[in-house]
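Survey of secondary and tertiary structure
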Amino acid sequence: MLVSWRWLSQFVDTQGVDPLQFAEKFTTTVAEIDDVVQWGFGLRDVLVADVLAMAPHPNADKLRLATVDLGGRTVQVVCGAPDLRVGLRVPFVPPGVTLPSGITVRDGEVRGVASPGMLASEKDLGLSDENAGLLSLDGCTAPAGTPLHLAIELEDVLYDVDNKAITHRPDLWGLYGVAREVAAMLDKPLRPFDLELKLGTAMPLAIRVDAPEACPRYTCARLTNVAVAPAPVNARLLLRRLGTRPISNLVDATNLVMLETGNPLHAFDARSLRGNAITVRRAHAHETLTTLDGQLRQLQAHDCVICDAEGPIALAGIMGGADSEIRPDTTEVVLEAANFDAPTIRRTAMRLGMRSESSARFEKALDPVMAEVAARRFLKLCQAWQPQAQIVSQLADMGPFTAEAKPLSIIRTTGTYLRERLGVTVAELSDAWLDACLTQLEFAVARSGDALAVTIPSFRATKDIKIAEDLVEELGRHYGYDNIRSEAPKVAARPPHTPPLKLLERQVRNTLVHAGLTEQVLYGFDDEDTRKRLLLSEPDGAPRVAVRNPISSQHTHMRRNLLPNLLAVAEKGLVQGDDGQPARKGLNIGVFEIGRVFVPEKSDDPGLPPVLVNGTEAEVAAYTAGMEGEMLRGVLDARAGTKPLPLQPIRLGLVFAERLGGGAEGSKLVFPAPEVTHRLLQQMIAALSHLMKWLGRDALTLQATGPEASLGAPDGQPSWRSKLGFDLVTSTGETIGFVAALHPRVRIELDQPAQAVVAELDLRALERVPLFKRVNP
Amino acid sequence: MSELPDWQIEIDAGAGRWQAEVNAAESLEALRSLEVQALGKQGEIPALMKRIPQILPQDRKGFGQAVNALQATVAAAIEVRRQALVETLIAAELNDTSFDPTQAALPLRVGHPHPLSTVQADIEAIFTSMGFHVLDYPEIESEFDNFEALNIPGWHPAREMQDTFWLESGHLLRTHTSSGQVRAMHEFKAPFRAIFPGKVFRYESTDASHEHTFHQVEGLMIDRKVTVGHLLDSMRTLLSAILQREVEIRLRPGYFPFVEPGFELDIRCQVCAGAGCSACKRRGWLELLPCGLVHPNVLRAGGLDPDEWQGWAFGLGLSRLVMMRYGVPDVRLLMGGDLRFLSQF
Ligand SMILES: [Zn+2]
């Protein structure tokens, strides 16, 4: 979100503060600033000019000659802008002036006619990318010839605040909230809004809210005698530099007030409204609405809609309806300033793919108090821009809404607790400073000795601030985390615990690397393309863990074995070469991976704290004692819906592969000499016996019972050859994995003629292999 | 002077001939074969003794002495020549400049640890030395451990489909190693300190700096009266050890539901020493990790009383750390399996 320093300075006295330097403090106190942009500088030689006369250019159809008044002198320049007309106020760049873009305006001829200067567009002046016409200085009352920077608001510094840094701070989605933080940082007062209005009664408006949980507050007012026109130049340029396209005075006013207060607004053309009552309700099934962007929207029952006497006129908090849109001939509007429930807005906006500036704000859980503030700001702005405009209704509210009517949240804590969490003493952070800091941020602090009762202001109470720890953060960031003494924690010296499996994993990794194999860390997803290409499948349709929302059609299931992915990288290595060895006949590579595989069978891990699984009612009650609200509900729901996690054993997979010759003409039908397969088997056996030796464990024996089928080949046999496949059996008779050559039908499908020998074993089973007894030579 | 016997003349001539041949031997190998030819068991000089029967009896003693003398003379000459040749060869070897150090080395069959494992092992060693358990928790997790227990209720944006891989079983792929926090609290009670490294998953499209699968290390310390000051000290100490240099850190506000207060931790940019450069996007600081004091709700979910116990936690991006340490330009290289990449480690 972009913040204008110039605008902010209307609410806080920023005299003497350099916004460029202040940015770092803002980042460490409030929210990260991604970028600081200087806008509208370098234009002090540009002047205000009034177009007095227009004449055709003798030598060019698309150019015209404009005579402009510069206050006491007139100049004729050539102008190509299509919107040039007599009476327009525009910026004039005198000859010799260099603009921020680096272009110097010449005192020369354009197509044979003298043109001492230039009339400028926003883009010419570096104010925006808008280049369709001249910058109209409508609303600027300075006399012709006035330097532009004295006539309109230029020379601003913009903070581009990281949106992710303020998702939890609804108050910071409006300039006023940012100004409040800056005021606290500078220890200056925050100027209140001027909200005094002369309201009318001639045309009453009624509001009915049938879905109060979706719409905590709804206000509206009726404004007549308005004329749709461009907004004043300062407002247009402010919107522009904050990234919003100016449209018309009414729409621009809604946008400016949203940027200022953080509360989105919507203006309806009053002509199109049927009846004088507004109803807020959930949509009916099969109801539709054509929104401003011309799309017909199918509504669902949880959507919240704004309706007139006959049906929906707006999708609450997201977008207005096309029928009630502000048009060039609109003269009367109904302004809506409301508060909508964050999850409702979020859900609908997501489903319809309609994330707007408005929905983005409501999703943050805005303060209902701000709805009325925003309404009043809008009405005041419209009257300032169009003094003839009249408010002909009360500011209608959904009912007796007052901030006090909501139960105020009070946090009870102590100064000692707050300081203790930060790690500061009372000498460093005094009671007086503490109270002043919170008060400046508009918390109400009631102190009785060390005890504090802190009332949360409505604009921080929707979801941001709830507990004492939240106050720790408020104090800490304004105190300055840099000012907190870093202190080594005093902890009991105890040897740490590392699970034996973890230790074994480290040993296996180091040993295999030293034995010449390269370690792989691969995805937990199976790769369906590889499995299909190599004709691999689970034997007997053994299930895999399925992903409900796969990232692609390739990654729909979790791997049940390490080997398919490992085989694929070995295959790729044979094509690309390895470790400086070229990819040619005889290239021999060895890879391994230690990682989890996933088997959709119940494990003994419930994915819940033990107390929720086997605890007595009394133990569960003790466990949930301090919990409340969503937390408590979440815990109890989880307990009711418990479902054990699937098995996630850690396996070790190994592949030795060798590239065969031939296959150059695209024929993959190259069969390995038996020696090649035997050599690869010997490499594998050597690696495994080396491993067992380094683990200090009994050797594994190979039993020619054939590998248990963990993956199937097309003819129903294991993908690993049964006659050249062996079970790995421990000294206690346990089968913990297998070694095998590839099934020929799988091998033939490899990208390159190659042979491979694979092995996969369970790491936890490896841990059970006895340590070997040392014997005499 | 009496006339010399024929054998005497022949032996004398032999001495001269052997001397000449020894001097002509240009290599140790040639000298060795000459030595065998002259003095070996089947050599020509020992063979002279077989002529004893043909020698006059009164000359036999003299003949024997002459042959022995010849043998000694030739042996001495060979030794002298050998020394000379050795000296020449030593000099030649010392003056050899023919090696071209730029030529390609011979291939050596070695394996390569994955850089993620190497960096993870370094981190585990550092934390182990400071009394942290090194733990391992499941990749397929319950909604409870990944979300509820971390104070991320049902409506929270982080729980929506775009961030999380959901499984048909209703479980999910953990989106952060923080899913181990409450598990560790129930397993070890308080106080304890632990790290848990591992794979995490995010439902997002991939590019040079985003992956749907990457690696993190979670750090957690639970004790009495844990403060922001402790967090600052621990982070500075541990990060200095991990990055193998003294680091300057700063905390700034950051929002994560499972910590309060929550921070983004930045380290002073090493490239520009804080002056601002392209590596730090002119900020002088690099965002390194999120951290904070453990939220009371998370302590409660862990079965701990927040009035008695507090803690700090951090989540370090292991993949990012690997990329920083080795200058890896694209995160997808880490799990891409390309041996040309992996063999550089
Ligand atoms: Zn830098």
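Just so you know, these numbers come straight off a predicted model, no measurement behind them.

A tally of regular secondary structure across chain B gives 11 helices and 9 strands. For a compact globule of 345 residues, the expected C-alpha radius of gyration is about 20 Å, and chain B comes in at 41 Å, more than 25% above that figure. Referenced to the eigenvectors of the C-alpha coordinate spread, the extents of chain B come out at roughly 130 × 45 × 40 Å. Each of the 345 residues in chain B was classed as buried or not, and the buried ones make up 54%. Within chain B, contacts between residues at least 6 apart in sequence are counted, and of these 66% link residues at least 24 apart. When the accessible surface of chain B is totalled, it reaches about 15400 Å², and 55% of it is carbon and sulfur.

A word on the sheet that holds strand β17 (residues 304-307) of chain A. Here we have 5 strands laid out as an open sheet, ordered β11-β14-β17-β18-β19 (chain A), and mixed in their pairing. Edge positions in the open sheet fall to β11 (206-209) and β19 (319-320) of chain A, since each of these has one partner strand only.

Right, let's talk about the sheet that holds strand β6 (residues 249-253) of chain B for a bit. Strand order in the open sheet formed by 7 strands is β1-β4-β5-β9-β8-β7-β6 (chain B), with mixed pairing between adjacent strands. Each end of this open sheet is capped by a strand with a single partner; those strands are β1 (133-134) and β6 of chain B. Of the strand pairs in this sheet, strand β7 (residues 259-268) of chain B and strand β8 (residues 285-294) of chain B are connected by 8 bridges, and their pairing is antiparallel. Among the inter-strand pairings, V259(B) is bridged to a residue of β8(B), identified as V294(B). Docked against the sheet, helix α2 (residues 19-29) of chain A engages β6 and β8 of chain B, running at close to 70° with respect to β6(B).

Cis rather than trans, the peptide bond between A190(B) and P191(B) has omega equal to -5°. In this structure, P191(B) sits in the loop between α7 (181-188) and β4 (192-201). Going from E260(B) to P261(B), the amide bond is cis rather than trans, its omega being -5°. Of note, P261(B) is situated in strand β7. One non-glycine residue, R111(A), adopts positive backbone phi at about 50°. The topology assignment puts R111(A) in the loop between β7 (107-110) and β8 (113-116). Here N225(A), not a glycine, exhibits a phi torsion of approximately 65°, which is positive. Considering the arrangement of structural elements, one finds N225(A) in the loop between β12 (217-224) and α5 (233-241).

Our next topic: the nonpolar core. Ranked by internal contacts, the top residues of the largest apolar core, which has 77 residues, are I123(B), L265(B) and W312(B). Among the elements that line this core, the one with the most residues is helix α8 (residues 228-243) of chain B, at 8 residues. Judged by nonpolar contacts, the second largest core, of 60 residues, contains A23(A), A31(A), L127(A) and A231(A).

Residue and element names in this part refer to chain B. C269 (SG), C272 (SG), C277 (SG) and C280 (SG) make up the full set of protein donors to the zinc ion, lying at 2.2 to 2.3 Å. Around the zinc ion, the 4 donor atoms are arranged such that angles at the metal cover 104 to 112°; this shape is classified as tetrahedral. Spacing between the donor residues of the zinc ion along their common chain follows C-x2-C-x4-C-x2-C.

As a further point, take the pairing of strand β34 (residues 754-762) of chain A. All names here are of chain A. Of all 9 residues in β34, 9 are buried, a share of seventy percent or more. Every second residue of β34 is oriented toward a common face, with A754, A756, V758, E760 and D762 on one face and Q755, V757, A759 and L761 on the other, all of them buried. Sheet topology places strand β30 (residues 650-659) next to β34; 9 bridges connect them, and they run antiparallel. Paired with R651 across the strands is D762, a residue of β34. Two strands pair when backbone bridges link them, and strand β33 (residues 735-742) and β34 are joined in this way by 5 bridges, in the antiparallel orientation. Within β34, the position partnered with V739 by the bridge is A759.

One pass over the structure, following the stated rule, counts 23 aromatic pairs over all chains. Centroid distance F525(A) to F201(B): 6.1 Å. Interplanar angle 80°. Geometry classified as edge-to-face. Of this pair, F525(A) sits in the loop between β26 (518-520) and α15 (528-533) while F201(B) sits in strand β4, each in a different chain. On the accessibility criterion, F525(A) (1% relative accessible area) is buried. The interplanar angle of 35° and the centroid separation of 5.9 Å between the aromatic rings of W312(B) and F314(B) together place this pair among those described as tilted. The pair W312(B) / F314(B) is uniform in exposure class, with both members buried. Pairwise contacts between aromatic rings join W5(A), F22(A), F26(A) and Y159(A) into one cluster.

Our next topic: the packing of helix α14 (residues 500-514) of chain A against helix α20 (residues 674-695) of chain A. Residues and elements named next belong to chain A. Orientation of α14 relative to α20, taken along the N-to-C sense of each, is 130°, at an axis distance of 10 Å. Taken together, the axes of α14 and α20 are oblique relative to one another. Considering the relative orientation of α14 and α20, their crossing is right-handed. Across the interface between the two elements, L504, Q507, V508, T511 and L512 of α14 pack against A687, H690, L691, W694 and L695 of α20. A breakdown of the residues in the contact of α14 with α20 according to their chemical character gives 7 nonpolar, 3 polar and no charged.

Below, the discussion takes up the interface of chain A and chain B. In this complex, chain A contributes 102 residues to the contact, which on the side of chain B involves 102 residues. Interface of chain A and chain B: buried area, both sides summed, is about 8400 Å²; carbon and sulfur atoms make up 55% of it. Of all residues in chain A, the largest losses of buried area upon contact with chain B belong to Y523(A), R548(A) and N549(A), amounting jointly to 8% of the total for that side. At the boundary of chain A with chain B, the tally comes to 11 salt bridges. Salt-bridge contacts for R283(B) lead to D34(A); the nearest nitrogen and oxygen are separated by 3.6 Å.

Further remarks concern the packing of α5(A) against helix α6 (residues 249-261) of chain A. Residues and elements named next belong to chain A. Closest axis-to-axis distance for the α5/α6 pair is 11 Å, and the angle between their directions is 60°. Relative to α6, the element α5 is oriented oblique. For the element pair α5 and α6, the recorded crossing hand is left-handed. Across the interface between the two elements, A235, R236, L238 and L239 of α5 pack against D252, N255, L256 and L259 of α6. Taken together, the residues that form the contact of α5 with α6 break down as 5 nonpolar, 1 polar and 2 charged.

How each quantity is defined
- Residue numbers run consecutively from 1 along every chain, following the written order of its sequence.
- As a convention, the first chain written is A and the first ligand written is 1, with the rest following in written order.
- The predicted nature of this model means local features are confined to residues of pLDDT at least 70 and side-chain atom pairs, given and counted, to a pLDDT of 80 or more, with totals for whole chains, interfaces and linings taken over all residues.
- Side-chain numbers come from the whole structure's heavy atoms, not from hydrogens or water.
- Numbering of helices and strands runs from the N terminus, with a helix taken as a DSSP run of H or I at least four residues long and a strand as a DSSP run of E at least two residues long.
- A radius of gyration in this sense is built from C-alpha atoms; the matching globule rule multiplies 2.2 Å by the number of residues raised to 0.38.
- Each residue is placed in one exposure class: buried if its accessible area under a 1.4 Å probe, protein chains only, is under 20% of its type's maximum, exposed if it is over 50%, and partly exposed if it falls in between.
- Residue contacts are defined here by distance: any two heavy atoms, one from each residue, within 4.5 Å place the two residues in contact.
- The protein chains shown are the only cover counted for residues, whose accessible areas, like all others here, come from Shrake-Rupley with a 1.4 Å probe.
- For two strands to count as paired, DSSP must find a minimum of two bridges between them.
- Axis definition: a line fit to C-alpha positions, over the contact stretch in the case of helices; interaxial angles, taken between N-to-C directions, run 0 to 180 degrees.
- Among buried residues, the Ala, Val, Leu, Ile, Met, Phe, Trp, Tyr and Cys ones that are joined through side-chain atoms within 4.5 Å form a nonpolar core.
- Here the term donor refers to an N, O or S atom within 2.8 Å of the metal (or 3.2 Å for Na, K and Ca), and because water is left out of the atoms, sites may appear incomplete.
- Each label reflects the angles at the metal, where four donors whose angles all fall between 85 and 135 degrees are tetrahedral, four or six donors whose opposite pairs open beyond 155 degrees and whose other angles stay between 65 and 115 are square planar or octahedral respectively, and the rest are irregular.
- Stacked, tilted and edge-to-face are the three classes assigned to paired rings of Phe, Tyr and Trp, where Trp is represented by its six-membered ring and a pair needs centres within 6.5 Å; plane angles under 30 degrees give stacked, over 60 edge-to-face, the rest tilted.
- Each angle receives one of four descriptions, namely roughly parallel if under 35 degrees, roughly antiparallel if over 145, roughly perpendicular if within 65 to 115, and oblique otherwise.
- Crossing handedness is defined as follows: a turn of the near helix away from the far one that is anticlockwise and smaller than a right angle gives a left-handed crossing, while the clockwise case is right-handed.
- Amino acids are sorted into nonpolar (Ala, Val, Leu, Ile, Met, Phe, Trp, Tyr, Cys and Pro), charged (Asp, Glu, Lys and Arg) and polar (every other residue, Gly among them).
- What counts as buried area is the accessible surface, traced by a 1.4 Å probe, that two parts surrender upon association, with contributions from both included.
- We define a salt bridge as a side-chain nitrogen of Lys or Arg found within 4 Å of a carboxyl oxygen belonging to Asp or Glu.

Interpretation note: all reported values are geometric properties and have no functional meaning in isolation.
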